[in-house]
Amino acid sequence: MRTESFSRSGWPWKTYMAVLILGVAVILARLVYLQVIRGDYYARLAERNHMRVIERPAPRGVILDREGRVLADSRTVFMVSVVPAEFDSADVRLLGRLLHMDPAGVEAEVQRASMRSSYIPCAISTGLTVAEVAGLADNIHRLGGVILDAVPQRRYPMGRALCHLLGHVGPSQEGGMGGRIVGRAGLEAVFDTHLQGTPGYRREIVDAYGRVVEEFGDPGDKLAVPGDSLRLAVDASLQQLAVDRLEVSGRPGAMVVLDWRTGDALCLASWPTFPPNRLSSGITEAGWDSLAGSAEKPMLSRAWAASYPPASTFKLVTAAYLLERGLMGPDYLPDPCYGTYRLGGTEFGCWTSHGRLDVVDALAYSCNVFFYQAVQLGSVDGLAEFAGSMGLGRRVTQVLREERVGLVPDAADLDRMYGSDGWGRGNLLNLGVGQGELLVTPLQMAALAGRIAGGGSMPPVRVILSADTAISRPHVPAAGLSDSTMQVLVAGMRRAVTYSDGTLHRAMGDLPWAVYGKTGTAEVPGEPHSWTIGFLREPRPLAFAVVVENAGSGGAAAAEVAAGVLRRYLAADGFPAGGGS
Amino acid sequence: MRKRERPDLFLLLALAVVLAVGLLTLYSASRALESGSIFTRQLIWVGLGLGAMGAGYSLSGRMVDEMSTFAWAAVCLLLVLVIPLGSGPAGRWIVLGPVGIQPSELAKAVLILIVAKRLVEMRRRRTRSRELGVLLFALPLVALTWMQPDLGTAAFMCLLTLAMFMWAGFGPEWLFLLLSPLLAALSSMHVLLWAGFTLLLVVVLVRRKLGFGRWLLFLGGNTAIAAATPMIWNLLKPYQQQRLITFINPAADPQGAGWNIIQSQVAIGSGGVTGQGFLHGAQKGLAFLPARHTDFVFSVWAEETGLLGCLLLLAAYWVLIWRLVVTARRSVSPFSSLMVAGIAAFFMLHLFVNVGMALGLMPVTGLPLPLVSYGGSSMVTSLFLLGLALRAGVSWRVI
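Each value, and the rule that gives it
Residues numbered from 1 in each chain as written. Chains lettered and ligands numbered in written order. Predicted model: local features only at pLDDT ≥ 70, side-chain atom pairs only at ≥ 80, totals over all residues. Helix = DSSP H or I, 4+ residues; strand = E, 2+ residues; numbered from the N terminus. Contact = placed C-beta atoms within 7 Å. Buried ≥ 20, exposed ≤ 12 C-beta atoms within 10 Å, placed from the backbone. Arc of directions from axis to C-beta. Pairing = 2+ DSSP bridges. pLDDT = per-residue confidence, 0-100. Expected span 1.5 Å × (residues − 1). Core = buried A, V, L, I, M, F, W, Y, C linked by C-beta atoms within 7 Å. Axes fitted to C-alpha atoms, helices over the stretch in contact; angles between N-to-C directions. Parallel < 35°, antiparallel > 145°, perpendicular 65-115°, else oblique. Nonpolar A, V, L, I, M, F, W, Y, C, P; charged D, E, K, R; others polar.

Section: the overall build of chain B
(1) Moving on: A count of helices and strands for chain B gives 14 helices and two strands.
(2) Moving on: Sequence-distant contacts, at least 24 apart, represent 69% of the contacts inside chain B between residues at least 6 apart.

Regarding helix α3 (residues 92-99) of chain A
Each turn of an α-helix holds 3.6 residues, which means side chains three or four residues apart point in the same direction.
Residue and element names in this part refer to chain A.
(1) Moving on: Of all the residues in α3, the buried ones are Val-92, Leu-95, Leu-98 and Leu-99. Burial along α3 is one-sided: seen end-on, the buried residues are contained in an arc of 135°.
(2) Moving on: Within two residues after α3, His-100 carries a phi angle of roughly 55°, on the positive side.

Focus: the environment of A:Ala236
(1) Moving on: Within the secondary structure, A:Ala236 sits in helix α9 (residues 236-249).
(2) Moving on: Apart from the residues within four sequence positions on either side, A:Ala236 is in contact with A:Asp65, A:Arg69, A:Leu71, A:Met158 and A:Leu162.

Considerations on the environment of A:Leu489
(1) Moving on: Position of A:Leu489 among the secondary structure elements: in helix α19 (residues 483-498).
(2) Moving on: With 130 residues separating them in the primary sequence, A:Leu489 and A:Val359 have C-alpha atoms 8.7 Å apart.

Focus: the pairing of strand β16 (residues 529-536) of chain A
Residues and elements named next belong to chain A.
(1) Moving on: For β16, the buried fraction is high: eight of the eight residues fall into the buried class.
(2) Moving on: Residues His-529, Trp-531, Ile-533 and Phe-535 line one face of β16 and the alternating positions Ser-530, Thr-532, Gly-534 and Leu-536 line the opposite face, and both faces are buried.
(3) Moving on: Looking at chain direction, strand β15 (residues 515-522) and β16 are connected through eight bridges and run antiparallel. Among the inter-strand pairings, Thr-521 is bridged to a residue of β16, identified as Ser-530.
(4) Moving on: Between the antiparallel neighbours β15 and β16 lie six residues, among them Gly-526 with a positive phi of about 85°.
(5) Moving on: Where β16 meets strand β17 (residues 542-548), seven bridges bridge the pair, whose relative direction is antiparallel. By the bridge assignment, Trp-531 is partnered in β17 with Val-547.
(6) Moving on: Hairpin connection of β16 to β17: five residues between the antiparallel strands.

Observations concerning the confidence of the model for chain A
When pLDDT is low, close inspection of the predicted coordinates is not appropriate.
Residues and elements named next belong to chain A.
(1) Moving on: Confidence along chain A averages 84 in pLDDT terms, with 88% of residues attaining 70 or more.
(2) Moving on: Contacts of residues 1-5 to residues separated by more than four positions or lying in other chains number six contacts, the stretch itself having pLDDT below 50.
(3) Moving on: Below pLDDT 50 for its whole length, residues 468-472 participates in five contacts with residues either more than four positions away or in separate chains.

Notes on helix α6 (residues 151-167) of chain B
Residue and element names in this part refer to chain B.
(1) Moving on: Between the first and last C-alpha of α6 there are 24 Å, a value that for 17 residues agrees with the 24 Å anticipated at 1.5 Å per step.
(2) Moving on: The buried fraction of α6 amounts to 16 of the 17 residues, a majority that puts the element mostly inside the structure.
(3) Moving on: Phi turns positive one or two residues past the end of α6, at Gly-169, with a value near 100°.

Quick word on unusual backbone geometry
Residue and element names in this part refer to chain A.
(1) Moving on: Pro-272 follows Trp-271 through a cis peptide bond whose omega is 5°.
(2) Moving on: Secondary-structure assignment places Pro-272 in the loop between β12 (265-271) and α10 (276-280).
(3) Moving on: For Lys-297, which is not a glycine, the phi torsion comes out positive at approximately 50°.
(4) Moving on: Along the polypeptide, Lys-297 turns up in the loop between α11 (285-292) and α12 (315-324).

What to know about the nonpolar core
Residues and elements named next belong to chain A.
(1) Moving on: With 136 residues, the main nonpolar core has Met-255, Val-256, Ala-446, Ala-449 and Phe-544 as its most contacted residues.
(2) Moving on: It is helix α21 (residues 556-572) that provides the largest number of residues to this core, a total of ten residues.
(3) Moving on: If we ignore the near neighbours within four places in the chain, the residues touching Ala-446 are Val-256, Val-257, Leu-258, Ile-533, Ala-543, Phe-544 and Ala-545.

Some points on the sheet that holds strand β11 (residues 253-259) of chain A
Residue and element names in this part refer to chain A.
(1) Moving on: The five strands lie next to each other as β12-β11-β17-β16-β15, forming an open sheet whose pairing is antiparallel. Unpaired on one side and paired on the other, β12 and β15 mark the two borders of the sheet. Sheet twist, expressed as the average angle between the axes of neighbouring strands with direction ignored, equals 5°.

Focus on the packing of helix α1 (residues 11-37) of chain A against helix α12 (residues 297-330) of chain B
(1) Moving on: Contact geometry for α1(A) and α12(B): axes closest at 11 Å, N-to-C directions at 175°. Put simply, α1(A) runs roughly antiparallel to α12(B). Of the residues in α12(B), those in contact with A:Trp13, A:Tyr16, A:Met17, A:Leu20, A:Val24, A:Ile27, A:Leu28, A:Leu31, A:Val32, A:Gln35 and A:Val36 of α1(A) are B:Gly306, B:Leu307, B:Cys310, B:Leu314, B:Trp318, B:Ile321, B:Trp322, B:Val325 and B:Arg329.

Regarding the packing of helix α8 (residues 191-207) of chain B against helix α9 (residues 212-235) of chain B
All names here are of chain B.
(1) Moving on: At a closest axis distance of 10 Å, the pairing of α8 and α9 adopts a crossing angle of 170°. When the axis of α8 is compared with that of α9, the two are roughly antiparallel. Residue-level inspection shows Trp-194, Leu-201 and Leu-205 of α8 in contact with α9, the latter providing Trp-215, Phe-218, Leu-219, Asn-222 and Ala-226.
(2) Moving on: Partitioning the contact of α8 with α9 into residue classes produces seven nonpolar, one polar and no charged.

Now the structure itself:
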């Protein structure tokens with residue numbers, strides 16, 4: 001057999017060697033490019049292949065009312081977050097399309113997130129629809145630095161009714177849109193650490209482009225621990241009734257109901273309200289602005305964060321002050337009321353001609369002229385000191401944020417305001433009928449009514465039933481009204497209802513329970529505010545205060561709100577409206 | 001007959017370096033994977049492979065020549081069996097007890113032997129009209145591999161066949177004709193591509209002054225292939241289509257191939273000149289590459305040892321291939337010469353395709369880097385082929 005080399009001609013092996021040399025040369029060139037020229041760049045990229053720790057937010061604690069009704073809980077929603085450093089801005093359009101968001105909006109969110117941190121995931125959209133979740137899940141591998149997560153979201157089953165009391169949650173102030181969810185107002189804010197829980201986390205490995213390579217299962221993950229629950233003294237159904245009734249009145253206002261035997265705050269209603277669920281699910285800037293900037297101030301709780309002149313409801317304080325300090329006897333009879341009272345050159349008006357009245361009937365008819373004369377038996381400082389001992393001018397609770405203390409001016413205050421000779425007896429007259437510089441909150445006035453019901457003292461007002469040990473109750477000085485004073489006040493308040501021409505007869509005269517009350521018409525620029533405060537002993541120990549802003553004179557608006565709420569609440573509570581008192 | 005010479009020491013030295021690099025890299029990769037068994041198993045594969053190399057070294061050229069037809073038939077059978085019996089992530093393994101065999105790896109080795117054998121047969125009969133006889137044996141291997149579908153390996157086998165034909169003295173036009181079925185299949189993607197391909201085919205056929213039978217065969221056969229490809233395409237399952245698309249255009253795969261290439265480049269680039277340090281790289285850039293112990297093993301080495309380590313590995317590989325080409329050139333036996341040239345092409349093409357893939361120069365094909373990548377079939381096959389080549393180098397005067 002003849003031997004024959006295939007490579008005799010030489011070109012095949014030369015081709016082999018040429019290909020070998022050329023191929024290795026290309027590889028070397030590429031290696032030099034990647035490792036020497038671009039080495040630093042790739043080294044930096046490689047560093048970014050890292051473990052990403054994603055926080056699992058803890059569900060916030062449940063908030064319950066006194067009956068165990070759920071006022072706030074959590075539901076699971078889908079959230080999209082972006083790690084700005086890993087997000088390719090070229091993906092903005094795809095992400096926007098999947099989330100049904102404007103690409104520019106996505107870009108703005110990412111921009112905002114990157115101002116906070118380039119490496120911490122930042123929420124850009126929450127509460128995704130099923131379709132959006134599905135679309136995103138299908139494309140998540142293309143979207144570096146985009147995280148799809150199921151997170152708990154605060155939910156308020158009662159909606160608006162308790163919005164001021166509970167407040168709402170939102171991203172923490174320092175965090176911006178993607179920040180940790182914290183309580184931003186109301187009890188959510190005050191009890192934030194209590195409700196917060198402990199966040200867990202999960203870890204995943206991501207590549208240099210932010211795409212998830214693998215997830216750690218257990219034990220790399222740590223589950224979140226839900227926050228502690230909170231039980232409130234509030235009665236959600238009563239609160240709902242009050243908000244609904246205030247809404248019917250059509251004017252901003254508030255209604256506070258306390259159990260004067262226990263001090264429990266059963267109702268802390270304010271209207272208008274805001275939608276807490278909308279705020280917690282991430283409100284737009286425009287939506288926030290329209291809420292916060294609204295002339296009706298829906299974010300403001302009028303029950304404790306707004307103060308009003310108490311007007312005639314304050315006559316209870318004036319009367320109690322004069323009686324308690326022995327400045328006036330129960331049988332005191334001043335000049336009759338002919339509709340006005342003159343002091344120096346100034347005329348002080350009454351709303352009608354009452355004729356001669358004693359202190360009980362002066363309360364029942366709310367006669368100004370009686371009190372103009374009677375209050376001159378006392379002094380500004382004495383009145384202020386006594387009003388303070390009745391709880392006015394100071395906080396009622398420690399747990400309600402932005403609770404106003406109001407104002408009960410003494411002589412020093414008036415000196416400060418007008419100069420030592422800039423005020424005089426006329427100011428005392430005004431203070432005696434609850435006008436002038438006086439300012440009180442509905443919560444303070446409900447507590448005042450409760451104090452009268454309780455014979456001059458009442459347990460401290462209680463907003464929280466559980467977790468209460470953490471909050472020290474404010475010291476409430478016991479006024480300790482004497483029996484004779486009590487008899488006058490109670491009789492006056494009762495006759496306001498029972499007299500056919502009493503101030504509360506029209507609104508409350510047909511209630512089957514013994515209601516004790518006092519109206520007020522607060523003179524303010526524009527239409528006056530309408531006040532009613534009062535209490536019941538039976539069927540339940542309730543003290544209440546209602547204010548309706550700019551509702552006009554006569555006190556009818558607030559009285560109707562109070563009567564309407566009490567009627568429906570007690571009827572629903574098993575006390576038929578037809579029952580006798 | 002002369003006294004036996006020692007085997008090629010350059011080649012053995014280069015082999016030792018490449019194997020050492022491979023084991024070091026796998027040790028590091030297995031540490032990062034927290035799967036020490038990968039390293040242990042690879043040690044076993046190297047041991048088995050060295051045994052296979054010894055076996056190959058003990059076989060004379062004539063014995064290999066005579067065995068090759070049986071080996072071819074056996075591997076064809078395995079390739080048929082893997083279609084219904086295949087397991088593993090891509091269905092390319094036949095599991096026999098504790099070990100899985102990857103028939104497509106064996107097919108590459110058998111292809112070298114059978115093509116060498118048929119080319120010699122063809123030469124012996126002093127005619128080039130028998131090139132079809134060669135293709136008759138090569139085609140089942142390629143086609144069966146294609147059908148797995150392992151398009152990367154099938155294309156690799158075409159290139160290997162092409163290289164061996166070139167060694168046998170076939171010019172560019174013949175090489176074109178040899179590749180024409182593959183080109184026909186690819187050209188079916190677009191009518192203009194197909195028209196261009198057919199025009200080129202006609203030109204070559206005219207220039208080679210081939211008879212009517214050949215005209216009919218090449219033109220008709222390739223037209224049939226081009227027409228059938230879309231139909232076969234539609235019969236494929238979506239994941240199979242995806243795999244083919246990815247082979248042709250890696251960027252079309254959003255999650256897999258394109259991403260791996262980027263990861264690989266990050267890893268290689270981050271190695272710099274001196275590397276991240278042994279056992280330190282795999283915690284970083286490449287810790288996230290699923291195929292880091294198989295397809296992208298080069299990237300691990302490049303990240304940990306940098307340009308210097310790459311130079312060492314490339315130099316060793318270069319010496320290995322260079323010595324194989326020299327052996328092939330010196331072989332007086334046509335079969336040995338062709339076989340060793342095939343083996344040289346085997347290592348060279350693997351090097352280019354695998355390292356080129358890691359560097360982002362080549363599409364992702366899933367071809368291993370022989371002697372380095374994890375995998376028993378590849379290791380044993382590669383070392384067996386080197387055994388054959390070493391023997392051919394020693395006994396080049398002995399027929």
